There are 2 protein chains.
Amino acid sequence: MTVTRTIRQAALLAALAVVASPARAEDPLSSWNDGPARRAILEFVRSTTTPGSPAFVPLEERIATFDKDGTLWVEHPVYTQLLYCFSRVPVVVKARPELAGVEPFKTVLSDDREAIARIPTSGLLKIVEATLTGMDVEHFGAEVKAWLATARDSRWKRPYTELTYLPMKELLRFLRASGYKTFIVTGGGQDIVRVYAEMVCGIPPEQVVGSATGTRFGYAKDGEPFLTKEPKLLLNDNDAGKPEAIHLMIGRRPRAAFGNSTGDRQMLEYTKAGDGARLAVLVLHDDAKREYAYGPAAGLPDTKVGTLPQQLLDQARAQGWVVVSMKDAWRRVFAFEP
Amino acid sequence: MTVTRTIRQAALLAALAVVASPARAEDPLSSWNDGPARRAILEFVRSTTTPGSPAFVPLEERIATFDKDGTLWVEHPVYTQLLYCFSRVPVVVKARPELAGVEPFKTVLSDDREAIARIPTSGLLKIVEATLTGMDVEHFGAEVKAWLATARDSRWKRPYTELTYLPMKELLRFLRASGYKTFIVTGGGQDIVRVYAEMVCGIPPEQVVGSATGTRFGYAKDGEPFLTKEPKLLLNDNDAGKPEAIHLMIGRRPRAAFGNSTGDRQMLEYTKAGDGARLAVLVLHDDAKREYAYGPAAGLPDTKVGTLPQQLLDQARAQGWVVVSMKDAWRRVFAFEP
């Protein structure tokens, strides 16, 4: 009895230390304005990490999943991953000159922005396949890294890695300091996102779940084994694919999930439907001045990139998801702002 | 300059604390006999975790992968997973009575051990499909847990969870205390292994990579979303499938890998071929008295379960893998031994 009580007290103190440290130090969400979103997040973390709270969640079950494009960093006007693919087209055409006269490669080589913006999804998939497969996985990672070091976005003239939302970076750190394991669950390519997830968000490769092509194990001429990226889609990590991939890669239903568009709906539903305390958060792009404004949440037509129909907004409000208006909830959007 | 130096010193002290604590406390591998295997493992951990060592590995790259059947626990005379599947056959037949007269279900229901042992691989796959798919993932986990609580093996009359090798459990703990993240990479079913990996080996679900069927996201009548296990093989985590799944699920080449049979060959090759210090370990089943002896390593014919041909043994020795003879290297095999 005494031993049990001592163990319980020790566990209690350890758990308190975990939650107490970030709070004591300084405001963990200083880029968030006081308001319902910030309050709901703080209350979720407090109630799930305070021993004795009816909503307390054991350490090993503290899983939080984040969509990437539009939730952790900018997705408009075009997914950064696609810009990387476009940048690789000349290299691919050099190796396979027959592609120079074939669409959509011809259009990409023309550098005609308007024509490029009109490439249909089927054409984009051809570009993705040609530029993201066929190479050794380790060479691929090095190439993405080299591109990220020099590429700049057209609006802010900054590396894409700086276009990460400061309030979300704070939230990632706050959750981790509170014992949550943070994962990225993205429709983007897993191998690309892994290259910068660690650098930008403090998330290691094994905590990045994304759309993934298979790889093929083989041996080089000198007998060294290596893995080649295959043009075979193994996981489409969008829509229903998100909870399915979460089960495959993580094996637990998240306690908290964060998204911003229709591709995140099932992940948010699946998270929110679990027992006990669950947090589903939807980020709205309604700040044209500091970032972008698009879709019904901003009183504008819906867009192909970051689709968020009115119906999903209504569902979020009806089901008690936390809705984050960038304009209202975020004091700062980017770290580089004055 | 001074600040940088202070940070460096702090990092150094932190790293030293990680490696120093297990060594100071007591012998971390007390179930291992002194000999070449134990010495090679200790030296690998020392050299990769000592700051300033030429073989030093940064914390985030310390990934160790372990096969399960035959490496962490007993696999003879038959994989535990199959025994679970056999135990589920009556339940499946109750729900689908037409299977009672169909092979291989008829044989399993007959309880004729010799006939069951003769079921071909194609028949075993039918049993696996019928017993491991079609249900909600959360119900599945609860059923496996309930079975593990009551099932006993026929030789030691103990729960299967006790048939884990004590020296390997020590090794898992020692690696973790040295900053390594430990993963299971098994040909067994991911969802089954996850149920006991945490309980038995301290490995959480998100660090279990296994053969996996897909799941299907859907909604119950009350609108609650759930995932159903589908009879569609997504990952065959054997042979070349092991490094391929390691890339998919972990995204880094392991620094250390542990296996015992031909299904682990490519994982061990891939691990050993990386740059810097790498450890590949092959466990031999050559102790009929305390566990089992089978295959060329024990001077016996090769077996279907835990196949380890002479050729792989030769390769292991030629390529500097650490070969662990259970008989010679392990002072104790199981925790329940006197």
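Worth saying up front: this structure is predicted, and the values here are computed from it rather than measured. (Residues numbered from 1 in each chain as written. Chains lettered and ligands numbered in written order. Predicted model: local features only at pLDDT ≥ 70, side-chain atom pairs only at ≥ 80, totals over all residues. Heavy atoms only, no water.)

1. A closer look at the overall build of chain A
Consideration 1: Each helix and strand counted, chain A has 13 helices and seven strands in total.
Consideration 2: With the principal axes as the frame, chain A shows a C-alpha extent of 75 × 55 × 35 Å.
Consideration 3: Split into buried and exposed, the 338 residues of chain A put 54% on the buried side.
Consideration 4: Expressed as a percentage of contacts within chain A between residues at least 6 apart in sequence, the contacts between residues at least 24 apart total 65%.
Consideration 5: Only carbon and sulfur atoms are counted for the fraction: they give 56% of the accessible area of chain A, which is about 15100 Å².
Consideration 6: When the 43 positive and 40 negative side-chain charges of chain A are each reduced to one mean point, those points stand 4 Å apart. (Helix = DSSP H or I, 4+ residues; strand = E, 2+ residues; numbered from the N terminus. Buried < 20%, exposed > 50% of the residue type's maximum accessible area, 1.4 Å probe, protein only. Contact = heavy atoms within 4.5 Å. Areas by Shrake-Rupley, 256 points an atom, 1.4 Å probe, with all protein chains shown as cover. Lys, Arg positive; Asp, Glu negative; His and termini not counted. Charge placed at Lys NZ, Arg CZ, Asp CG, Glu CD.)

2. Some words on the sheet that holds strand β7 (residues 322–325) of chain B
Where strands meet in a sheet, backbone hydrogen bonds hold them as pairs that are either parallel or antiparallel.
Consideration 1: Judged by pairing direction, the sheet is mixed, and its seven strands sit side by side in the order β4-β3-β2-β1-β5-β6-β7 (chain B) without closing on themselves. Only two strands of the sheet have a single neighbouring strand rather than two, namely β4 (225–235) and β7 of chain B. Within this sheet the neighbouring strands show an average axis-to-axis angle of 30°, counted without direction.
Consideration 2: Of the pairings in the sheet, the one linking strand β6 (residues 279–284) of chain B to β7(B) comprises four bridges and is parallel in character. Within β7(B), the residue paired with V281(B) across the bridge is V322(B).
Consideration 3: Strand contacts of helix α11 (residues 265–272) of chain A: β3 (208–219) and β4 of chain B, with the helix running at about 95° to β3(B), the strand carrying the most contacts. (Pairing = 2+ DSSP bridges. Axes fitted to C-alpha atoms, helices over the stretch in contact; angles between N-to-C directions.)

3. So, the interface of chain B and chain A
Consideration 1: At the junction of the two partners, chain B supplies 39 residues and chain A supplies 39 residues.
Consideration 2: Between chain B and chain A, the buried area comes to about 3300 Å², and carbon and sulfur atoms account for 53% of it.
Consideration 3: Counting the contacts that link chain B with chain A gives six salt bridges.
Consideration 4: Note that E206(B) is salt-bridged to K181(A), the shortest N-O span being 2.8 Å.
Consideration 5: Applying the counting criterion to the chain B and chain A interface returns 22 residue pairs in polar contact (both at pLDDT 80 or more).
Consideration 6: Contributing elements (two or more residues each) for the side of chain B that touches chain A: α7 (137–150), β2 (181–189), α9 (190–201), β3, β4, α10 (241–249) and α11 (265–272) of chain B. (Buried area = accessible area lost by both parts, 1.4 Å probe. Salt bridge = Lys/Arg side-chain N within 4 Å of Asp/Glu carboxyl O. Polar contact = N/O pair within 3.5 Å; in protein donor to acceptor, adjacent residues only side chain to side chain.)

4. Let's talk about the packing of α7(B) against α9(B)
All names here are of chain B.
Consideration 1: Contact geometry for α7 and α9: axes closest at 9 Å, N-to-C directions at 55°. When the axis of α7 is compared with that of α9, the two are oblique. Handedness of the α7/α9 crossing: right-handed. Facing α7, whose interface residues are F140, G141, V144, K145 and L148, α9 presents D191, I192, V195, Y196 and M199.
Consideration 2: Grouping the constituent residues of the contact of α7 with α9 by class yields seven nonpolar, one polar and two charged. (Parallel < 35°, antiparallel > 145°, perpendicular 65-115°, else oblique. Left-handed = near helix turned anticlockwise from the far one by under 90°. Nonpolar A, V, L, I, M, F, W, Y, C, P; charged D, E, K, R; others polar.)

5. As for the pattern of salt bridges
All names here are of chain A.
Consideration 1: One pass over the full model with this rule turns up 38 salt bridges over all chains.
Consideration 2: We note a salt bridge from R158 to E162, for which the minimum N-O separation is 2.8 Å.
Consideration 3: Judged by its relative accessible area of 28%, R158 falls in the partly exposed class.

6. Section: the relation of the copies chain B and chain A
Consideration 1: Mapping chain B onto chain A calls for a rotation angle of 180° and an axial translation of 0.0 Å; the resulting RMSD is 0.0 Å. Taken together, the rotation and translation relating the two chain copies correspond to the operation of a two-fold axis. Measuring from the rotation axis to each C-alpha of chain B, the shortest distance belongs to M249(B), at 3.1 Å.
Consideration 2: Mapped onto chain A, 100% of the interface residues of chain B again fall at the interface, so both copies present the same surface. (Least-squares fit on C-alpha atoms with pLDDT ≥ 70 in both.)

7. So, the packing of α10(B) against α11(B)
Residues and elements named next belong to chain B.
Consideration 1: Contact geometry for α10 and α11: axes closest at 6 Å, N-to-C directions at 60°. The angle between α10 and α11 places the two elements in the oblique class. Every residue of α11 that contacts α10 at K242, P243 and I246 is listed here: Q266, M267 and Y270.
Consideration 2: For the contact of α10 with α11, the class distribution of residues is four nonpolar, one polar and one charged.

8. Some remarks on the confidence of the model for chain A
Note: predicted coordinates in regions of low pLDDT should not be interpreted at a detailed level.
All names here are of chain A.
Consideration 1: Within chain A, residue pLDDT values average 92, and 93% of them lie at 70 or more.
Consideration 2: Across residues 1–7, where pLDDT falls below 50, the model places zero contacts with residues more than four positions away in sequence or in other chains.
Consideration 3: This model gives residues 10–24 a pLDDT under 50, and the stretch forms nine contacts once residues within four places in sequence are excluded.
Consideration 4: Listed scores for the predicted complex are pTM 0.91 and ipTM 0.91. (pLDDT = per-residue confidence, 0-100.)

9. Quick look at the packing of aromatic side chains
Consideration 1: In the structure shown here, the tally under the stated rule is 28 aromatic pairs over all chains.
Consideration 2: Measuring from centroid to centroid gives 4.1 Å for F66(A) and F258(A), while their planes differ by 5°, and the two rings are stacked. With F66(A) in strand β1 (residues 63–66) and F258(A) in strand β5 (residues 256–259), this residue pair connects regions lying 192 residues apart in the sequence.
Consideration 3: Taking relative accessible area as the criterion, F66(A) reaches 0% and is therefore assigned buried.
Consideration 4: Taken together, a centroid distance of 6.0 Å and an interplanar angle of 85° make the contact between W156(B) and Y292(B) edge-to-face. (Phe/Tyr/Trp six-rings, centres within 6.5 Å; stacked < 30°, edge-to-face > 60°.)

10. A closer look at the sheet that holds strand β4 (residues 225–235) of chain A
Consideration 1: Strand order in the open sheet formed by seven strands is β4-β3-β2-β1-β5-β6-β7 (chain A), with mixed pairing between adjacent strands. Among the strands making up the open sheet, the edge pair consists of β4 and β7 (322–325) of chain A. Taken pair by pair, the neighbouring strands of this sheet meet at an average axis angle of 30°, ignoring direction.
Consideration 2: Here β1(A) runs beside β5(A); their pairing, made up of three bridges, is parallel. Paired with T65(A) across the strands is A257(A), a residue of β5(A).
Consideration 3: Strand contacts of α11(B): β3 (208–219) and β4 of chain A, with the helix running at about 95° to β3(A), the strand carrying the most contacts.

11. Digging into the pairing of β4(A)
Across a regular strand the side chains alternate sides, sitting on one face of the sheet and then on the other.
Residue and element names in this part refer to chain A.
Consideration 1: By the bridge criterion, seven bridges tie β3 to β4 in an arrangement that is antiparallel. Bridging across to β4, R216 finds its partner in T228.
Consideration 2: If you look at the hairpin formed by β3 and β4, you'll find five residues sitting between the two strands, and G223 has a positive phi there, around 90°.

12. Examining helix α2 (residues 36–49) of chain B
Consideration 1: Here α2(B) spans 20 Å end to end across 14 residues, near enough to the 20 Å set by a 1.5 Å rise per residue.
Consideration 2: All of the buried residues along α2(B) are A37(B), R38(B), I41(B), F44(B), V45(B), S47(B), T48(B) and T49(B). (Expected span 1.5 Å × (residues − 1).)

13. Looking at the state of the cysteines
Consideration 1: Applying the stated rule across the entire model yields zero disulfides over all chains.
Consideration 2: The structure places no disulfide on C85(A), whose sulfur is separated from the nearest cysteine sulfur, that of C201(A), by 19 Å. (Disulfide = S-S within 2.5 Å.)

14. Notes on helix α7 (residues 137–150) of chain A
Consideration 1: Under the 1.5 Å per step criterion, the end-to-end length of α7(A) is 21 Å for 14 residues, consistent within 8% with the ideal 20 Å.
Consideration 2: For α7(A), the capping residue at the N-terminal end is D136(A), with a side-chain oxygen 2.7 Å from the backbone nitrogen of E138(A).

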